[in-house]
Amino acid sequence: MKWISNFFRIVIGIVFVFSGFVKVVDPLGVQYKFVDYFLAMGLDFLQPMALTFGLLMSLAELMIGISLLFNLKPKLGAWGTLMFMAVFLPLTLWVAIANPVHDCGCFGDALVISNWATFWKNVVIMFMTIIVFLQRRKFKPTLPSSVQWLSLIVVAGVSVWIGVYSIKHLPVLDFRPYRIGENIREGMNIPESEIDNVPDYETTLIYENTETGETREFDVEEIPDEDTWEWKETKNKLIEEGYVPPIHDFSITTVPVNRETDVIHEVIDPASLYEVKFVFEIAGETQEFFIDELPNENWTFVELHSDKHILAENVGLIFEKDGETAEFTLFDLPDESWMFIDATYYNENPNIAEPAFEDYSEDITDIVLSDEGYSFFLVAHDLTKTSKKNNSRINALYDYALANDINFYCLTASTESDIHDYIEKTDANYDFFNTDPITLKTMVRSNPGLLLIKQGTVLDKWHVNDIPTLESLDGQLVAQSIEKQVERGNRYYVLTMILALLFGFTALFLLIQYLLRKRIIVDRDTWN
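Residues numbered from 1 in each chain as written. Predicted model: local features only at pLDDT ≥ 70, side-chain atom pairs only at ≥ 80, totals over all residues. Heavy atoms only, no water.

## Comments concerning the overall build of the protein chain
Part 1: In terms of regular secondary structure, the protein chain is built from 13 helices and 15 strands.
Part 2: The proportion of buried residues among the 528 residues of the protein chain is 41%.
Part 3: Counting contacts in the protein chain only where the partners sit at least 6 residues apart, residues at least 24 apart contribute 70% of the total.
Part 4: As displayed, the protein chain has an accessible area near 28,600 Å², and 56% of this comes from carbon and sulfur atoms. (Helix = DSSP H or I, 4+ residues; strand = E, 2+ residues; numbered from the N terminus. Buried < 20%, exposed > 50% of the residue type's maximum accessible area, 1.4 Å probe, protein only. Contact = heavy atoms within 4.5 Å. Areas by Shrake-Rupley, 256 points an atom, 1.4 Å probe, with all protein chains shown as cover.)

Structure representation (structure tokens):
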């Protein structure tokens, strides 16, 4: 019985550590799942607490798992497991029967299983939990109590740090189909081996008798006389789900936004450029300049401040050197050997012409994913809650993209009214496109977040707190993105190996301590 209870203790510990860890590294994913549960249960007022609940639950799972797996305060771990399962076993039964959410989110995005599979998994875990709880006094830790508490506190501290870091930046591990290196188009494809594995539905037709008012259900094979019966409704019940590709709800459709204003038609006098303040950046520091005192080529243009509708790409700069004149732009300044002479403004540039307004939506998913050039996706699932931090960098990034033939799409699920409000608050000049809100939340755990795409492949991702500077992007988009991808992959691989070794050595140490305590190993020379 003793070896069975120890085996169950270790299995439960592994399950809880895995479940807690994949949630700790993706707190916003847990928050979204909690919100789904609150909405399904009619507990809308708890939505503001979803993130806090998610972090606490993830931390509790991880601590319980560590406690049982490494025999650290096992009595406490046994109590925690029992209380945990006492809550989640009936909850997962309700989820399996009522099916309020597509999946319970027990293992985050790392492992998605059906609701019924989750329930039966919890039945097995509950059986093992009862055995472990009844045998809890027989688990004898080999480490002093103070060391056990210290170990658990260290694990808790590291877990909280990982969770907070993942909220303020991006998850340290990305299990979603939009992670760096993945191709969105390929994620939408159904492999040949699964072509015949399609969803199976049971269709029921609801008809009403025009004479008696009676309603009755019919199968599709037994349609009643339409002279007597009138169709009212069709019900489709999913019998078997079939194969669902990792990405099955991604689409991009145009959003008709009328930007027409009086100011956009304003003719800019080149003389007014001398009143504009131009913001440049170097080594992460920004500074304002007037047009006749611009810095050298080592500085990167960020934005301009003016009460007029001046587009940076329409500004021409005239410089002189050795009696010869040449024209430059704000994005391509000369070195210090050139002397500024004058500035001009190209009012005929089509960028300031009256924008064409289309009052219909168009699906451009295939066009975007097949584009051989680079594309930035600014992902903002809800513009009313979008962080305005680094907004100047985002606008500067759009100007950079426009000047370098890079596509820039703002993907959102917000309404046209919310888009107008957002434009008014941020001076956004980029175009907006509609995408499913759940898809947007899955693409990047930030509102807004930024993705760099080429031919459907995700080259890089940024949190709103980490929007790249133009200096870091200029001329190095692909090289830098691939290098980052390799560096991140190596870093996460090394981190995983270190954690695995630490857990392995800890488990080996505890095992040896246990064997020595039980005098199973008496002579250490037996290891030679």
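## Some details on the pattern of salt bridges
Part 1: With the rule as written, the count across this model stands at 10 salt bridges.
Part 2: The salt bridge involving Glu-182 is made with Arg-179; its shortest N-O contact spans 3.7 Å.
Part 3: The partly exposed category is assigned to Glu-182, whose relative accessible area is 30%.
Part 4: Ionic pairing is found between Lys-277 and Glu-288, a salt bridge with its closest N-O pair at 3.9 Å. A residue pair is termed long-range when its members are at least 10 positions apart, and Lys-277 in strand E5 (residues 277-282) and Glu-288 in strand E6 (residues 285-289) qualify at 11 residues.
Part 5: Taken together, the salt bridges that share partners define one network made up of Asp-174, Arg-176 and Lys-461. (Salt bridge = Lys/Arg side-chain N within 4 Å of Asp/Glu carboxyl O.)

## Section: the nonpolar core
Part 1: Among the nonpolar cores identified, the biggest contains 29 residues, and Phe-376, Leu-378, Phe-408, Tyr-430 and Phe-432 are the most heavily contacted of them.
Part 2: By size, the runner-up hydrophobic cluster in this structure holds 24 residues, among which are Ile-12, Phe-16, Phe-34 and Val-132. (Core = buried A, V, L, I, M, F, W, Y, C linked by side-chain atoms within 4.5 Å.)

## Examining a positive patch on the surface
Part 1: Residues Lys-2, Lys-75, Arg-137, Lys-138 and Lys-140 make up a contiguous surface patch of positive charge.
Part 2: With respect to the secondary-structure elements, Lys-140 resides in the loop between helix H5 (115-134) and helix H6 (145-168). (Patch = residues over 30% accessible without salt bridge, like charges linked within 9 Å, V, L, I, M, F, W, Y side chains within 5 Å. Lys, Arg positive; Asp, Glu negative; His and termini not counted. Charge placed at Lys NZ, Arg CZ, Asp CG, Glu CD.)

## Focus on the sheet that holds strand E15 (residues 457-463)
Part 1: One open sheet accounts for 6 strands, arranged E4-E13-E12-E11-E14-E15; its pairing is mixed. The outermost strands of the open sheet, each flanked by one partner alone, are strand E4 (253-254) and E15.
Part 2: In this sheet, strand E14 (residues 449-454) lies alongside strand E11 (residues 374-380) in antiparallel orientation, the contact comprising 6 bridges. Each residue of the ladder has a partner; that of Tyr-374, found in E14, is Lys-454.
Part 3: Helix H9 (residues 391-403) rests against E11, strand E12 (407-412) and E14 of the sheet, and its axis sits at about 140° to E12. (Pairing = 2+ DSSP bridges. Axes fitted to C-alpha atoms, helices over the stretch in contact; angles between N-to-C directions.)

## Quick look at the sheet that holds strand E7 (residues 300-305)
Part 1: Pairing within the open sheet is antiparallel, and its 3 strands lie in the order E6-E5-E7. Because the sheet does not close on itself, it has two edges, and the strands there are E6 and E7. When strand polarity is set aside, the average angle formed by the axes of neighbouring strands in this sheet is 25°.
Part 2: In terms of strand pairing, E5 meets E6 through 5 bridges, oriented antiparallel. The residue bridging Glu-281 from the neighbouring strand is Thr-286, located in E6.

## Here we look at H9
Part 1: Its 13 residues place the ends of H9 19 Å apart at the C-alpha level, agreeing with the 18 Å of an ideal helix rising 1.5 Å per residue.
Part 2: Each element contacted by the buried residues of H9 is listed here: E7, E11, E12, helix H10 (416-426), E14 and helix H12 (470-473).
Part 3: Backbone geometry just after H9 places Asp-405 at a positive phi near 55°. (Expected span 1.5 Å × (residues − 1).)

## Describing a nonpolar patch on the surface
Part 1: Where nonpolar side chains cluster on the molecular surface, the patch consists of Leu-93, Ile-97, Trp-116, Trp-120 and Val-123 and spans about 490 Å² of accessible area.
Part 2: Elements supplying a minimum of two residues to the nonpolar patch: helix H4 (74-98) and H5.
Part 3: With 3 residues, the top contributor of residues to the nonpolar patch is H5.
Part 4: Its place among the elements puts Trp-120 in helix H5.
Part 5: We classify Trp-120 as exposed; its relative accessible area is 51%.

## What about a negative patch on the surface?
Part 1: Together, Asp-200, Glu-202, Asp-219, Glu-221, Glu-222 and Glu-240 make up a region of like negative charge exposed at the surface.
Part 2: Note that Glu-202 resides in strand E1 (residues 200-209).

## Considerations on H5
The α-helix winds at 3.6 residues per turn, so residues separated by three or four positions along the chain end up facing the same way.
Part 1: With 20 residues, H5 should cover 28 Å at 1.5 Å per step; its first-to-last C-alpha distance of 29 Å lies within 8% of that length.
Part 2: Listing the buried residues of H5 in full gives Asn-115, Thr-118, Phe-119, Asn-122, Ile-125, Met-126, Met-128, Thr-129, Ile-131, Val-132 and Phe-133.
Part 3: On its buried side, H5 packs onto helix H1 (2-24), helix H3 (50-69) and H4.

## Focus: the packing of aromatic side chains
Part 1: Inspection of the entire model under this criterion finds 31 aromatic pairs.
Part 2: Geometrically, the ring pair formed by Phe-376 and Phe-408 is tilted, given 6.2 Å between the ring centres and 55° between the ring planes. Highlighted residues: Phe-376 in strand E11 and Phe-408 in strand E12, separated in sequence by 32 residues.
Part 3: For Phe-376, a relative accessible area of 0% translates into the label buried.
Part 4: Phe-408 sits in the buried class, given a relative accessible area of 8%.
Part 5: In this arrangement the basic side chain of Arg-9 is found over the ring face of Phe-139, its NZ or CZ atom lying 5.3 Å from the centre.
Part 6: Across from the ring centre of Phe-133, 4.1 Å away, lies the NZ or CZ of Arg-136, which sits over that ring. (Phe/Tyr/Trp six-rings, centres within 6.5 Å; stacked < 30°, edge-to-face > 60°. Lys NZ or Arg CZ within 6 Å of the ring centre and 35° of its normal.)

## A word on the side chain of Asn-296
Part 1: If you trace the backbone, Asn-296 turns up in the loop between E6 and E7.
Part 2: For Asn-296, a relative accessible area of 14% translates into the label buried.
Part 3: At a separation of 3.0 Å, a polar atom in the side chain of Asn-296 contacts the main-chain amide nitrogen of Asn-298.
Part 4: Those residues within four positions of Asn-296 in sequence are excluded, and the remaining contacts are Leu-333, Pro-334 and Glu-336. (Polar contact = N/O pair within 3.5 Å; in protein donor to acceptor, adjacent residues only side chain to side chain.)

## A short note on the pairing of E1
Part 1: Bridge count between E1 and strand E2 (residues 215-219): 5 bridges; the pairing is antiparallel. Following the sheet pairing, Ile-206 is matched in E2 by Glu-217.
Part 2: Linking E1 to E2, which pair antiparallel, is a turn of 5 residues; within it Gly-213 sits at a positive phi near 80°.

## Here's the deal with the confidence of the model for the protein chain
Part 1: Mean pLDDT over the protein chain stands at 82; residues scoring 70 or higher make up 85%.
Part 2: The spread of mean pLDDT over the elements of the protein chain runs between helix H13 (residues 477-517), the lowest at 56, and E12, the highest at 94.
Part 3: Every residue in residues 351-357 scores below 50 in pLDDT, and together they form 17 contacts with partners more than four places removed in sequence or on other chains.
Part 4: Under a pLDDT of 50 for its full length, residues 522-528 has, in the predicted model, 4 contacts with residues more than four places off or in other chains. (pLDDT = per-residue confidence, 0-100.)

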